[in-house]
Amino acid sequence: MTNKRISIDRDSFDHFIDSRLDDLLGKPDERTAQDKILALFQRSAAEVPAYRKLLASKQIDPANITHYQAFKTLPLMTKAGYMQAYPLPERCLGGSLTGADRIAVSSGSTGQPTFWPRSAAYELDVAVRFEQVFHDSFHSHERSTLAIICFALGNWVGGLFTTSCCWHLARKGYPLMVATPGNNKAEILRVVRELSPYFEQITLLGYPPFVKDVIDSGIAEGIAWADYKPKLVFAGEVFSEEWRDLVGQRIGSDMPCFDSASLYGTADGGVLGNETPLSIAIRRWLAQHPDAARALFGESRLPTLVQYDPASRFFEEHDNTLVVSGENSVPLIRYHIADKGGLISYQAMWRFLETQDIPACTALGLPADFQPRELPFVYVFGRADFTVSYYGANIYPENVTVGLEQPNITPWVTGKFVLETEEDDHGDKILHIAVELLPDITEHPGMASIIADSIQQQLLRLNSEFAQYTPIERQTPRISLHAFADPEYFPVGVKHRYSRK
């Protein structure tokens, strides 16, 4: 088995390294993508013990799943019903961890880490997403580039994945050097000062609010970012186009559609899609035309909009949420990732744009020689459950609840709260928690501070992503205290929601 794995890895790497990006992406063919997913299903049914058990529990005979319409009837995989229901080795190809060579970690709602075994061979699909950004947006195949990894390192999925994929690009021949200071701001800025002058451009890769913190700290310390022609790669959070402009101004960016890109990824599936110059240009236009955005997405808020390769990660919609299938050491077959969003084909996107009097890319402000890739779009509003993303960490209501249940807090509060992120006047992220007081309890000096400290302690204890990803100076939440049945946050007779997006 080991020798077979080595052979597969070598073949995969040789194909990745020897193939041009145009050949790796190509023009998507829906039938080919469906056939590939059907083949993955049959392989998983034969080689993944946990998936065989899941099918048996639903009385499904894999031999009957011979076409895409039948595939669409398969049960959805969920974290609770599949990932947490079967032992880790049983969820892997071959029923063993020996087919994987690395591990990634993400935090769950209780703070208990979830482990995701991976193989370098399957990581190459993700590397293509990075190559698309570095090639099409940053032209890093033509310019020496210093890639500075600003995600948390260790086994945490963001830093591990990003570093590995950038190394793959360097091995492929991109003039790319990878520096890994992680989320240590002082070390990031030291790398910038000492190494950036030797490269034609630099790239900062990290969670949006943390990258902004790095940029602002650098300005305060006298770093002239524009001298280094920085590019930015983000992941983990939805941000506004106004925020992109604010950060772009601080680094001297004059081509917002080419100077930054956001990745859409999950710990379990890797990078599923990426912003492109076209998707950014469309999103920026939609930001100026909210009625058009509402018509396209069905909501007033603006989602992340990325393009994806259906031959790599195959998306479906389910009740306005996303379902994904794809190869991995733990194969994903109709995995419900609980992100609210939807799909738009490349052709459907252009049909919509034409109704808005946008006949070509130039009408979106893109250069006349720009050639878009004809890839479908996926849009993502964020988690469909009650989690809030903050510095790339999923903040769960369950963690906040524990902070409010401490003996010194319970005499004051009902236990109801609303969790949300806000931006201050400087564009920095703030974790805000509105807390409901018990009847006849009024706020007194120091109460909000005591509650903030209690919640912070529990977040650090229970949520390992929060502890690893969030800068220390951003870990204390802002608490606002509200009277019982406050109509803005705690209206009577309405089902309470513990977060706002």
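Here the structure is a predicted model, which means the values were calculated and not measured. (Residues numbered from 1 in each chain as written. Predicted model: local features only at pLDDT ≥ 70, side-chain atom pairs only at ≥ 80, totals over all residues. Heavy atoms only, no water.)

K.L.:
Requested: an account of the overall build of the protein, with residues and values cited.
P.N.:
Broken down by element type, the protein carries 18 helices and 18 strands. The globule rule puts the C-alpha radius of gyration for 501 residues at 23 Å, and the 23 Å found for the protein is close to it. Across its three principal directions, the C-alpha atoms of the protein cover 70 × 60 × 50 Å. For the protein, the proportion of its 501 residues judged to be buried stands at 55%. The contacts of the protein with a sequence gap of at least 6 include a subset with a gap of at least 24, amounting to 73%. Element-wise, carbon and sulfur atoms account for 51% of the exposed surface of the protein, whose accessible area totals about 21,100 Å². Put simply, the protein has 47 plus and 62 minus side-chain charges, and the middle of one group is 5 Å from the middle of the other. (Helix = DSSP H or I, 4+ residues; strand = E, 2+ residues; numbered from the N terminus. Rg over C-alpha atoms; globule rule 2.2 N^0.38 Å. Buried < 20%, exposed > 50% of the residue type's maximum accessible area, 1.4 Å probe, protein only. Contact = heavy atoms within 4.5 Å. Areas by Shrake-Rupley, 256 points an atom, 1.4 Å probe, with all protein chains shown as cover. Lys, Arg positive; Asp, Glu negative; His and termini not counted. Charge placed at Lys NZ, Arg CZ, Asp CG, Glu CD.)

K.L.:
Lay out the packing of helix H13 (residues 277-288) against helix H14 (residues 290-297) in plain terms, naming residues and giving numbers.
P.N.:
Interhelical geometry of H13 versus H14 gives an angle of 120° and a closest axis separation of 5 Å. Taken as axis vectors, H13 and H14 run oblique relative to one another. Along the contact surface, H13 presents Trp-285, Leu-286, Ala-287 and Gln-288, while H14 presents Pro-290, Ala-292, Ala-293, Leu-296 and Phe-297. A breakdown of the residues in the contact of H13 with H14 according to their chemical character gives eight nonpolar, one polar and no charged. (Axes fitted to C-alpha atoms, helices over the stretch in contact; angles between N-to-C directions. Parallel < 35°, antiparallel > 145°, perpendicular 65-115°, else oblique. Nonpolar A, V, L, I, M, F, W, Y, C, P; charged D, E, K, R; others polar.)

K.L.:
Hey, could you go over helix H9 (residues 185-195) for me, with residue numbers and the actual values?
P.N.:
Listed as buried for H9 are Ile-188, Leu-189, Val-191 and Val-192. An end-on view of H9 places all buried positions within 155° of arc, on one side of the element. If you check the start of H9, you find a side-chain oxygen 3.2 Å away from the backbone N of Ala-186, and it comes from Asn-184. (Arc of directions from axis to C-beta. Polar contact = N/O pair within 3.5 Å; in protein donor to acceptor, adjacent residues only side chain to side chain.)

K.L.:
Which residues make up the sheet that holds strand E18 (residues 478-482), and what values go with them?
P.N.:
Pairing is mixed in the open sheet, where three strands are placed in the order E16-E17-E18. One side of each edge strand has no neighbouring strand; the edge strands of this open sheet are strand E16 (413-423) and E18. For this sheet, the mean inter-axis angle between neighbouring strands, taken without regard to orientation, is 25°. Summarising the sheet, E16 and strand E17 (residues 429-437) pair through eight bridges and their orientation is antiparallel. By the bridge assignment, Leu-419 is partnered in E17 with Ile-433. (Pairing = 2+ DSSP bridges.)

K.L.:
Got a sec to walk through the environment of Leu-431? Specific residues and values, please.
P.N.:
Following the sequence through the fold, Leu-431 ends up in strand E17. With near-sequence residues (within four places) excluded, Leu-431 lies in contact with Tyr-390, Leu-419, Glu-420, Thr-421, Leu-459, Phe-466, Pro-477 and Arg-478.

K.L.:
Can you explain the pairing of strand E6 (residues 230-235)? Please cite residues and give values.
P.N.:
Counting buried residues along E6, six of its six residues qualify, which places the element largely inside the surrounding structure. Side chains Pro-230, Leu-232 and Phe-234 of E6 all project onto a buried face; the interleaved residues Lys-231, Val-233 and Ala-235 project onto the opposite face, where all are buried too. Taken together, the five bridges between strand E5 (residues 201-206) and E6 define a ladder with parallel strand orientation. Across the sheet, Gly-206 pairs through a bridge with Phe-234, a residue of E6. You can see the chain leave E5, run along helix H10 (residues 208-220) and come back into E6, and the turn it takes is right-handed. One ladder, built from four bridges, connects E6 with strand E7 (residues 260-266); its direction is parallel. Its bridge partner lying in E7, Leu-232 is registered against Ser-260. (Right-handed = clockwise from strand over helix to strand, strands pointing away.)

K.L.:
So, helix H7 (residues 120-137): which residues are in play, and what are the values?
P.N.:
Over its 18 residues, H7 extends 25 Å from the first C-alpha to the last, a length consistent with the 26 Å expected when each residue adds 1.5 Å. Largest kink in H7: about 30°, centred on Val-126. Across the 18 residues that make up H7, a large majority, 16, are buried. Within two residues after H7, His-139 carries a phi angle of roughly 55°, on the positive side. (Expected span 1.5 Å × (residues − 1). Bend = angle between axes of the 7 residues up to and from the residue.)

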